[in-house]
Amino acid sequence: MIYHTTVKAVGSDVSAFAKKGFLITFGEPALVSLRDFCYFVEVNPVVSKIMPGNRLVIDDKEYKITEVGKIAAENLGKLGHLTVFFSGDRECLPGSICVEKSAVPELNAGSRISIIE
């Protein structure tokens, strides 16, 4: 287990970003401009390096990680902040990860998010 957290609350407009193929997590407090668009999570440490080929697990559904931004693990461990693109891309923004092409899953309070080898 590289990382694990639980969704504590869901912003009122997360579906706007889901329609564009991504989701955002943040620990409290999130930036005011993003508050309605985020899933709020417990801030937990990242215990080892996140790498392509690892798997993102959301409520027992696995997604293969295709790329990892340079500061994604740091932001995740310190702020609970991560942007996940469900695009299958092999390039991503510094604070994000890309996973295999898929519909963005619907998360709820209590949903579990993990990254595993």
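What comes next is a walk through the structure. (Residues numbered from 1 in each chain as written. Predicted model: local features only at pLDDT ≥ 70, side-chain atom pairs only at ≥ 80, totals over all residues. Heavy atoms only, no water.)

### Brief notes about the overall build of the chain
Argument step 1. Check the secondary structure of the chain and you find two helices and eight strands.
Argument step 2. In the chain, the order of α-helices and β-strands from amino to carboxyl end is β-α-β-β-β-β-α-β-β-β.
Argument step 3. Rg of the C-alpha trace for the chain: 12 Å, near the compact-globule value of 13 Å for 117 residues, within the 12% margin.
Argument step 4. Considered along the principal axes of its C-alpha atoms, the chain spans approximately 30 × 30 × 25 Å.
Argument step 5. Counting every position in the chain, which comprises 117 residues, the buried fraction comes to 44%.
Argument step 6. Put simply, of all contacts in the chain between residues at least 6 apart along the chain, 65% involve residues at least 24 apart.
Argument step 7. Working note: accessible area of the chain is about 6200 Å², and carbon and sulfur atoms make up 54% of it.
Argument step 8. Taken as two groups, the 13 positive and 14 negative side-chain charges of the chain have centres that lie 3 Å from each other. (Helix = DSSP H or I, 4+ residues; strand = E, 2+ residues; numbered from the N terminus. Rg over C-alpha atoms; globule rule 2.2 N^0.38 Å. Buried < 20%, exposed > 50% of the residue type's maximum accessible area, 1.4 Å probe, protein only. Contact = heavy atoms within 4.5 Å. Areas by Shrake-Rupley, 256 points an atom, 1.4 Å probe, with all protein chains shown as cover. Lys, Arg positive; Asp, Glu negative; His and termini not counted. Charge placed at Lys NZ, Arg CZ, Asp CG, Glu CD.)

### Quick look at the packing of aromatic side chains
Argument step 1. Tallied over the entire structure, the rule returns four aromatic pairs.
Argument step 2. Their ring planes at 25 degrees and their centres at 4.8 Å tell us that F17 and F37 sit as a pair that is stacked. With F17 in helix α1 (residues 14-18) and F37 in the loop between β2 (22-26) and β3 (39-41), the pair connects residues that are 20 residues apart, well separated along the chain.
Argument step 3. Residue F17 is classed as buried on the basis of its relative accessible area of 17%.
Argument step 4. A relative accessible area of 21% means that F37 is categorised as partly exposed.
Argument step 5. Relative to F85, the ring of F22 lies with its centre 5.1 Å away and its plane at 40 degrees, an arrangement referred to as tilted. (Phe/Tyr/Trp six-rings, centres within 6.5 Å; stacked < 30°, edge-to-face > 60°.)

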